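Single-letter residue listing:
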Amino acid sequence: MREDMLISTRNLSVEFNIGSGVFSKQVLKAVDGISINIPRGSFFGVVGESGSGKTTLGRALLKAAPIARGTATYDDGENTYDLTTLKGAELKDYRKRAQLIFQDPYAALSPRMTVRDIIAEPLEVMGITKTREETDTRVREIAEKCRLNLEHLRRFPHAFSGGQRQRISIARALVSGPQFIVADESVAALDVSIQADVLNLLKSIQKEMGLTFMFISHDLSVVAHTCDHVAVMYLGRIVESAPTRQIFNSARHPYTKALFSAIPSLDPDDRGRAQKLEGEIPSPTNQPPGCKFHTRCPFATDICKREEPALETCEDGHAVSCHHWQDLR
Amino acid sequence: MSLLNVENLTLQFDTDEGRITAVDDVSFSLEPGEVMGLVGESGSGKSVTAKALMKLNAGNAHYAPETKISLMLEDQSIDIMSLKSPREMQLVRGGAISMIFQEPMASFAPAMTIGKQMVEQLLIHSDMSKSQAKALSIEMLDRVGISDASTRFGQYAFEMSGGMRQRAMIAMALSTKPKLLIADEPTTALDVTIQAQVIDLMKDLVDEFHMGIIFITHDLGVVAQTADKVAVMYLGRMIEQGPVRNVIRHPQHPYTQGLLDALPKLDDLEAPLTPIAGDIPSPLERPSGCVFHTRCPKIIGDVCKRDIPHWVDTNASHRTACHLCTVKQGETA
């Protein structure tokens with residue numbers, strides 16, 4: 001394990017039991033043997049279609065989904081936690097250091113609490129501040145960082161637009177002073193202009209406070225603009241992982257390439273030029289053998305149906321899991 | 001004669017907090033086989049405009065008397081505003097005009113099979129027998145790329161994936177052979193790879209059935225890939241319209257320019273994202289003059305706060321409602 005990593009996982013798996021009858025035990029592998037390293041102070045992107053396991057991975061790292069196998073550790077230089085065994089008082093401590101920003105700012109905020117109370121709640125629940133004055137000072141500090149003014153704090157969420165609500169969610173996630181933030185589709189429900197505003201805010205907060213972000217999104221163009229490193233997931237596995245620039249300029253995996261070419265181009269003359277992917281992502285309860293992508297891959301051969309490819313390093317920091325990546329340049 | 005002509009569409013809603021203007025003096029037309037992208041942020045009135053074409057807005061909606069919507073069917077023109085009873089409306093609702101919604105799970109009845117719903121609407125809108133309706137429905141499911149269509153015909157919406165549900169929705173909307181299809185954010189809830197498939201499918205279907213499509217979306221990339229022309233709305237007003245190439249490459253209105261600047265661009269990862277300053281005002285506090293003046297970076301003075309800008313032709317069939325364009329045109333003239 002490298003020293004400057006905030007989060008490191010080895011073969012991390014998350015499984016859910018479904019069909020709990022005596023005879024019909026079925027296991028859903030949502031995250032299947034993932035090894036990632038998230039450097040301190042980085043903006044780490046996770047991309048994939050619905051059903052790829054990206055949300056479950058984020059939840060596992062927040063101790064909100066059960067880890068079935070593998071290891072996961074958190075190390076911010078002062079505190080170290082082993083996420084596989086974390087519980088009790090230690091887990092409560094970890095909750096202060098790792099926080100989540102949700103997708104839908106309309107569902108995430110209680111309509112019956114004032115904005116001040118919404119932001120203050122984590123401080124009170126976690127016992128971080130002792131007096132009301134202390135809580136208020138802290139709330140005001142963080143609200144200012146998220147560009148909310150004192151007038152806003154007295155109001156209820158219904159008085160705010162989508163972008164303002166997302167800034168309130170961000171303030172609440174940041175108020176306990178976390179080092180690690182999982183942002184799960186945090187701009188997906190927003191209009192483009194508001195999306196740009198929230199992304200700029202997240203970036204500036206990350207720089208200013210030296211935070212580490214895991215940014216989960218299905219939108220490659222958003223990820224490209226915000227993240228330093230991108231991991232692409234498909235059916236619970238990482239198929240490609242590389243620094244953003246590299247994955248954009250020289251994606252190796254056919255799935256990554258297809259994802260890029262499926263982004264609707266702003267050039268009307270580009271119509272029909274995209275490399276189309278047939279079919280849909282298979283059900284995680286009924287996963288194909290071999291390479292999980294072979295059922296949709298235009299380059300699949302016999303070996304892809306039989307053997308699962310390993311995640312190989314093709315260049316420094318760039319790993320790909322495909323039998324044919326060397327032939328597909 | 002155009003397929004659809006909308007003139008001076010103005011629509012207000014009575015709410016507890018007062019009467020709000022959702023659509024303000026909107027006019028446009030659509031030819032058969034033409035795809036119009038209707039673009040704007042949430043709250044811009046694009047869905048309300050589309051629903052007005054079938055008078056599907058809630059009971060508290062008031063249409064201004066000068067509103068005129070006419071739909072050309074075969075050789076007769078139908079004045080939609082004059083249709084009163086639900087029976088008369090049936091001619092357009094689901095018949096001459098079909099609609100596809102954003103969330104297909106919410107638009108199919110959960111306790112009825114897909115097939116039953118498809119057959120039901122065909123029995124209402126045509127004089128087919130039940131078996132003919134079933135045969136056509138299965139053919140349509142097959143046409144939109146659903147494999148094993150006769151099995152899918154007997155399934156419920158929850159048994160299908162999101163992409164497949166949206167295909168079934170399209171099959172259902174097109175089986176009555178509508179002249180006009182309204183697609184309200186049909187790909188927003190889908191993954192990019194599935195979105196690309198659905199966009200392809202819709203293009204094929206326009207070529208085949210030659211209906212007009214109003215494609216509502218907030219995604220300018222989707223518009224660039226599907227539409228022939230674009231109309232941009234802000235706070236209930238149409239502020240720019242024109243051919244898709246013109247509007248996307250040479251946007252004239254500061255709002256359209258702002259929407260484009262806010263998009264993450266793939267060819268330049270370093271380019272900063274520029275949000276449009278401020279938030280969209282509440283419909284209860286509609287700005288006077290140009291509705292965009294409270295957020296406009298290029299405001300030229302009191303004229304923006306005072307007068308509603310007129311349409312200015314900035315290029316062949318490319319029109320913009322902005323005082324800046326009026327001034328520019330005055331200089332060149």
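Bear in mind the structure is a predicted one, so any value in this text is a computation, not a measurement.

A look at the overall build of chain B
Step number 1: The helix and strand tally for chain B stands at 13 helices and 13 strands.
Step number 2: The C-alpha radius of gyration computed for chain B amounts to 21 Å, which stays within 12% of the reference 20 Å derived for 333 residues, consistent with globular compactness.
Step number 3: Across the 333 residues that make up chain B, the buried fraction comes to 47%.
Step number 4: For chain B, restricting intrachain contacts to residue pairs at least 6 apart in sequence, the fraction spanning at least 24 positions comes to 62%.

Focus on the overall build of chain A
Step number 1: Counting its secondary structure elements, chain A contains eleven helices and 13 strands.
Step number 2: A compact globule built from 329 residues should have a C-alpha radius of gyration of about 20 Å, and chain A, at 21 Å, falls within 12% of that.
Step number 3: Projected onto its principal axes, the C-alpha coordinates of chain A cover approximately 65 × 55 × 45 Å.
Step number 4: Taken across its 329 residues, chain A has 45% of its residues classed as buried.

Quick notes on the confidence of the model for chain B
Step number 1: Considering every residue of chain B, the mean pLDDT works out to 90; 100% of them sit at 70 or more.
Step number 2: Both confidence scores are given for the complex: pTM 0.88, ipTM 0.83.

A closer look at the interface of chain B and chain A
Quite often, the size of an interface is put as the accessible area lost when its parts meet.
Step number 1: Of the residues lining the interface, 35 residues belong to chain B; the matching set on chain A comes to 34 residues.
Step number 2: Those elements that provide at least two residues to the side of chain B that touches chain A are α8 (192-209), α9 (220-226), α10 (244-249) and α11 (254-261) of chain B.
Step number 3: Among the elements that take part in the side of chain B that touches chain A, α8(B) stands out by supplying seven residues, more than any other.
Step number 4: Residues of the side of chain B that touches chain A, tallied by class, amount to 18 nonpolar, eleven polar and six charged.

Overview of the nonpolar core
Step number 1: Grouped together as the largest cluster of nonpolar side chains are 183 residues, with contacts concentrated most on A:I119, A:A171 and A:V232.
Step number 2: A total of eight residues in this core trace back to one element, the largest contributor, which is helix α7 (residues 162-174) of chain B.
Step number 3: Dropping the residues within four chain positions of it, A:I119 is found in contact with A:V139, A:I142, A:A143, A:I168, A:A171, A:R172 and A:V175.

Observations concerning helix α13 (residues 323-332) of chain B
Step number 1: Listing the buried residues of α13(B) in full gives B:H323, B:L324 and B:C325.
Step number 2: Buried-residue contacts for α13(B) involve α12 (302-306), β12 (311-315) and β13 (318-321) of chain B.

Some remarks on the sheet that holds strand β11 (residues 237-243) of chain A
All names here are of chain A.
Step number 1: Pairing in this open sheet of eight strands is mixed, and the strands run β7-β8-β9-β4-β10-β11-β13-β12 from one edge to the other. Either end of the sheet is taken by a strand with one partner, and the two such strands are β7 (98-101) and β12 (312-315). The sheet shows a mean angle of 25° between the axes of neighbouring strands, direction not considered.
Step number 2: Where β11 and strand β13 (residues 318-320) come together, two bridges link them in antiparallel fashion.

What about helix α1 (residues 54-61) of chain A?
All names here are of chain A.
Step number 1: A large share of α1 lies buried, amounting to seven of its eight residues.
Step number 2: If you check which residues of α1 are buried, you get K54, T55, T56, L57, G58, A60 and L61.
Step number 3: Immediately beyond the C-terminal end of α1, within one or two residues, lies K63, with a positive phi of roughly 65°.

What to know about the domain arrangement of chain A
Residues and elements named next belong to chain A.
Step number 1: What the domain assignment reports for chain A is domain 1 (5-234) and domain 2 (248-329).
Step number 2: Each of domain 1 and domain 2 has a C-alpha centre, and these two points are 28 Å apart.
Step number 3: In this complex, domain 1 contributes 13 residues to the contact, which on the side of domain 2 involves twelve residues.
Step number 4: Ranked by residues supplied to the side of domain 1 that touches domain 2, first place goes to strand β2 (residues 26-34) with four residues.

Details of the pairing of strand β9 (residues 212-217) of chain A
Residue and element names in this part refer to chain A.
Step number 1: In terms of residue burial, β9 counts as a mostly covered element, since six of its six residues are buried.
Step number 2: Side chains of β9 alternate between two faces, with T212, M214 and I216 and F213, F215 and S217 buried alike.
Step number 3: Note that strand β4 (residues 43-47) and β9 share five bridges and pair parallel. Bridged to G45 within β9 is F215.
Step number 4: This β-α-β element, strand β8 (residues 180-184) to helix α7 (residues 192-209) to β9, shows right-handed connectivity.

So, the sheet that holds β12(B)
Residue and element names in this part refer to chain B.
Step number 1: Spatially, eight strands are ordered β7-β8-β9-β3-β10-β11-β13-β12 in an open sheet, and the strand pairing comes out mixed. The open sheet terminates on both sides in strands that have one partner only, identified here as β7 (97-100) and β12. With strand direction ignored, the average angle separating the axes of adjacent strands in the sheet is 20°.
Step number 2: Sheet analysis places strand β11 (residues 237-243) next to β13, joined by two bridges and oriented antiparallel. Each residue of the ladder has a partner; that of Q241, found in β13, is R319.

Comments concerning the packing of helix α10 (residues 254-262) of chain A against α8(B)
Any two packed helices are characterised by the angle at which their axes cross and by the distance between the axes.
Step number 1: One can describe the packing of α10(A) onto α8(B) by two numbers: an axis separation of 8 Å at closest approach and a directional angle of 50°. With respect to α8(B), the axis of α10(A) lies oblique. Note that α10(A) runs across α8(B); the crossing there is left-handed. Together, A:A258, A:L259 and A:A262 of α10(A) and B:V192, B:T193, B:Q195 and B:A196 of α8(B) make up the contact between the two elements.
Step number 2: Considering only residue class, the contact of α10(A) with α8(B) consists of five nonpolar, two polar and no charged.

Focus: unusual backbone geometry
Step number 1: For A:N11, which is not glycine, the phi torsion reads 50° and is therefore positive.
Step number 2: Summarising the element assignment, A:N11 is placed in strand β1 (residues 5-18).
Step number 3: Exposure remark for A:N11: the 12 C-beta atoms within 10 Å place this residue in the exposed category.
Step number 4: Even without being a glycine, B:E185 presents a positive backbone phi close to 50°.
Step number 5: If you trace the backbone, B:E185 turns up in the loop between β8 (180-184) and α8.

Each value, and the rule that gives it
- Residues numbered from 1 in each chain as written.
- Chains lettered and ligands numbered in written order.
- Predicted model: local features only at pLDDT ≥ 70, side-chain atom pairs only at ≥ 80, totals over all residues.
- Helix = DSSP H or I, 4+ residues; strand = E, 2+ residues; numbered from the N terminus.
- Rg over C-alpha atoms; globule rule 2.2 N^0.38 Å.
- Buried ≥ 20, exposed ≤ 12 C-beta atoms within 10 Å, placed from the backbone.
- Contact = placed C-beta atoms within 7 Å.
- pLDDT = per-residue confidence, 0-100.
- Nonpolar A, V, L, I, M, F, W, Y, C, P; charged D, E, K, R; others polar.
- Core = buried A, V, L, I, M, F, W, Y, C linked by C-beta atoms within 7 Å.
- Pairing = 2+ DSSP bridges.
- Axes fitted to C-alpha atoms, helices over the stretch in contact; angles between N-to-C directions.
- Domains from an automatic or database assignment.
- Right-handed = clockwise from strand over helix to strand, strands pointing away.
- Parallel < 35°, antiparallel > 145°, perpendicular 65-115°, else oblique.
- Left-handed = near helix turned anticlockwise from the far one by under 90°.

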